[in-house]
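Examination of the molecular architecture
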Amino acid sequence: MHDPQVQAAFTAAKEDFDAGRRDPALAALDRLLEARPDDLALWSTRGLWLEALGRRAEALAAFRRSTAIRPTYADHYNAGNMLLALGRPEEALAEYAASLACWDRYPEAWTNHGIAEHQLGRLEASARSFERALAIAADFVPALRYQAIVRRERGDQGGSEASYARIAELRPDDPAAWRELGCALGELALDRHLDLDPGGREWRALEALGRAIALAPGHPRAWIVKAEVLGRLYHANVAFRRFVRGRFEYEAGPLTTGRFHDEQLAHCEAAARRFPDLACFPIARAAALEFAGDLDGALEARRQACAAAPGDGAAHLELAFALADRDRTGALAALRRALALDPRLEREAYDGFDAATIAAAKSPG
């Protein structure tokens, strides 16, 4: 665009587009393209503007017109992105390959090449693409994130956690980074081992989830996973432990109360206040109270769970179990509600009720 008049018209169109006057801007750009149909930069701009408007198929056509004039790594990459968004990963791979043929030091292209491979179920190929991206830019977060996903899918739990940990290190103020790390560490280890040592896996999970909650307290996922981790750990009924001079010493670490059971109760109570429409927190609190022998408190928590999620059949079934030995009428009503909401719960109902009671719960009235 060396012609001053063309440059002025393009600048005016861009100002319109940036100001939100999208239709006049596109019309002006199309008039320029009528006069200059072989202008690569104009076609590339049209593609970017259409992409911004969500018109991906038209954007793809514009990027392909650009690369037909002259292949560039940027517009082959842009075309690949449109194909990926349109659900056409095999075609996207060809565009990313063309982009990398123009310039193979582009980590974004290697990353999206890996994403397309991943969508096609090619884990090994996708892993190689993410490795190529990270060889160019070791701290490129999108590649690290997908590397973490693929490592987990390949059974490399430790490697996946290391990738998420690097993202959190790079983005210490990003709640999503800590949430992803905490959720990864919060999964039960593949060998089903609980690590009660200071600085161990569970310790780091609770630390990461705590950071995520502190940075974004309104996002429930980290709260849920923290409750799950504490729920696994409170059966140990200790804090984190280390062996010193022939005996165990206990250390609170990332726990406020110093004991998993107390910590989970406090956590679930706080979560239930913040997320009153989620049944998972009173359900987890009920399990912790039952473990401690507080059956009255557990029963009240079961009722809170049903109130929070009246359409959750499993919550009503747990309430029925809790009432079974103390309120036959109430237990039958809760069981009837559970089976009406989800008939598949009948098999689980036999864990606490006999056939006659279940038949009565299934009968009309």
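Residues numbered from 1 in each chain as written. Predicted model: local features only at pLDDT ≥ 70, side-chain atom pairs only at ≥ 80, totals over all residues. Heavy atoms only, no water.

1. Here's the deal with helix H11 (residues 175-186)
Just so we agree on the cut-off: Runs of H or I in DSSP of at least four residues are treated as helices and runs of E of at least two as strands, each being numbered from the N terminus. Here, expected helix span is obtained from the residue count minus one, scaled by 1.5 Å. Each residue's exposure class comes from its accessible area (1.4 Å probe, protein chains only) as a fraction of the maximum for that residue type: buried when under 20%, exposed when over 50%, partly exposed otherwise. A 3.5 Å cut-off defines polar contacts: any pair of N or O atoms within that distance qualifies, except that in protein one atom must be a possible hydrogen donor and the other a possible acceptor, and neighbouring residues in sequence count only when both atoms are side-chain atoms.
Between its first and last C-alpha, H11 extends 16 Å over 12 residues, near the 16 Å set by a 1.5 Å rise per residue. Counting buried positions along H11 gives 9 out of 12 residues, so the element sits mostly inside the fold. Those residues of H11 not exposed but buried are Ala 177, Trp 178, Arg 179, Leu 181, Gly 182, Cys 183, Ala 184, Leu 185 and Gly 186. You can read the cap of H11 off the contacts: a side-chain oxygen lies 3.0 Å from the backbone nitrogen of Ala 176, and it is on Asp 174.

2. Some points on the nonpolar core
Convention followed: Only buried Ala, Val, Leu, Ile, Met, Phe, Trp, Tyr and Cys residues count toward a nonpolar core, and they belong to the same one when joined by side-chain atoms within 4.5 Å. Contact definition: two residues touch when any of their heavy atoms are within 4.5 Å.
Of all hydrophobic cores here, the largest spans 83 residues; its most connected members are Trp 49, Leu 181, Leu 206, Phe 260 and Phe 281. Of the residues forming this core, the biggest block, 8 residues, is contributed by helix H13 (residues 220-233). In this view, Phe 281 contacts Pro 220, Trp 223, Ile 224, Ala 227, Cys 268, Ala 271, Ala 272 and Phe 275; residues no more than four positions away in its chain are not counted. Core analysis: the second largest hydrophobic core is formed by 20 residues, Ala 320, Ala 338, Ala 349 and Phe 353 among them.

3. Some points on the pattern of salt bridges
We apply this condition: Should a side-chain nitrogen of Lys or Arg be within 4 Å of a carboxyl oxygen of Asp or Glu, the pair is scored as a salt bridge.
Counting across every chain of the model gives 25 salt bridges. For Glu 90, the salt bridge goes to Arg 122, with nearest N and O atoms at 2.9 Å. Of the two residues, Glu 90 is situated in helix H6 (residues 89-102) and Arg 122 in the loop between helix H7 (107-119) and helix H8 (123-136); the sequence distance between them amounts to 32 residues. Among the salt bridges present, the one from Arg 242 reaches Glu 251, with a minimum N-O distance of 2.7 Å.

4. Observations concerning the pairing of strand S1 (residues 240-244)
Counted only if it meets this: A pair of strands is treated as paired once DSSP finds two or more bridges between them.
Note: S1 against strand S2 (residues 247-251), 5 bridges, orientation antiparallel. Bridge pairing in S2 links Arg 241 to Tyr 250. Here S1 hands over to S2 after 2 residues, with Arg 245 in that stretch at a positive phi of 50°.

5. Description of the packing of helix H1 (residues 4-18) against helix H3 (residues 40-52)
The test is simple: Lines fitted to the C-alpha atoms define the axes, with helices restricted to the stretch that makes contact. Angles between their N-to-C directions range from 0 to 180 degrees. Roughly parallel covers angles under 35 degrees, roughly antiparallel covers those over 145, roughly perpendicular covers 65 to 115, and oblique covers all other angles. Amino acid classes used here: Ala, Val, Leu, Ile, Met, Phe, Trp, Tyr, Cys and Pro are nonpolar; Asp, Glu, Lys and Arg are charged; the rest, including Gly, are polar.
Interhelical geometry of H1 versus H3 gives an angle of 10° and a closest axis separation of 12 Å. It follows that H1 is roughly parallel to H3 by the angle criterion. In this structure, H1 uses Phe 10, Ala 13, Lys 14 and Phe 17 to contact H3, whose residues at the interface are Leu 42, Thr 45, Trp 49 and Ala 52. For the contact of H1 with H3, a count of residues per class yields 6 nonpolar, 1 polar and 1 charged.

6. A short note on helix H4 (residues 56-69)
The periodicity of an α-helix, 3.6 residues per turn, causes residues three or four positions apart to be oriented the same way. Worth spelling out the cut-off: The arc in question is formed by the directions pointing from the helix axis toward the C-beta atoms.
Over its 14 residues, H4 runs 20 Å from end to end, which matches the ideal 20 Å to within 8%, given 1.5 Å per residue. What H4 keeps buried is the set Ala 59, Leu 60, Ala 62, Phe 63, Ser 66 and Thr 67. Projected onto a plane normal to the axis of H4, the buried residues spread over an arc of 165° and lie on a single side. Of the residues in H4, the exposed ones pointing more than 90 degrees away from the buried face are Ala 57 and Ala 68.

7. What to know about the packing of aromatic side chains
We count it as follows: Classification of ring pairs rests on two measures: the distance between centres of Phe, Tyr or Trp rings, Trp counted by its six-membered ring, which must be within 6.5 Å, and the angle between planes, read as stacked under 30 degrees, edge-to-face over 60 and tilted in between. Lysine NZ or arginine CZ positioned within 6 Å of the ring centre and within 35 degrees of the ring normal marks a charge as sitting over the ring.
Summed over all chains, the structure comprises 14 aromatic pairs. An angle of 55° between the planes, with centres 5.0 Å apart, marks the rings of Tyr 234 and Phe 291 as tilted. Within this pair, whereas Tyr 234 is found in the loop between H13 and S1, its partner Phe 291 is found in helix H15 (residues 280-291), the two being separated by 57 residues in sequence. Centroid distance Phe 321 to Phe 353: 5.6 Å. Interplanar angle 20°. Geometry classified as stacked. Residue Phe 321 is found in helix H17 (residues 313-323), and its partner Phe 353 is found in the loop between helix H19 (346-349) and helix H20 (355-362); the two are separated by 32 residues along the sequence. With a relative accessible area of 24%, Phe 321 lands in the partly exposed category. What makes Phe 353 buried here is its relative accessible area of 7%. Joined through ring pairs, the aromatic side chains of Tyr 73, Tyr 77, Tyr 96, Trp 103 and Tyr 106 make up one cluster. Directly above the aromatic system of Phe 17 lies the positively charged group of Arg 22, at a separation of 4.2 Å from the ring centroid. Directly above the aromatic system of Phe 248 lies the positively charged group of Arg 241, at a separation of 5.0 Å from the ring centroid.

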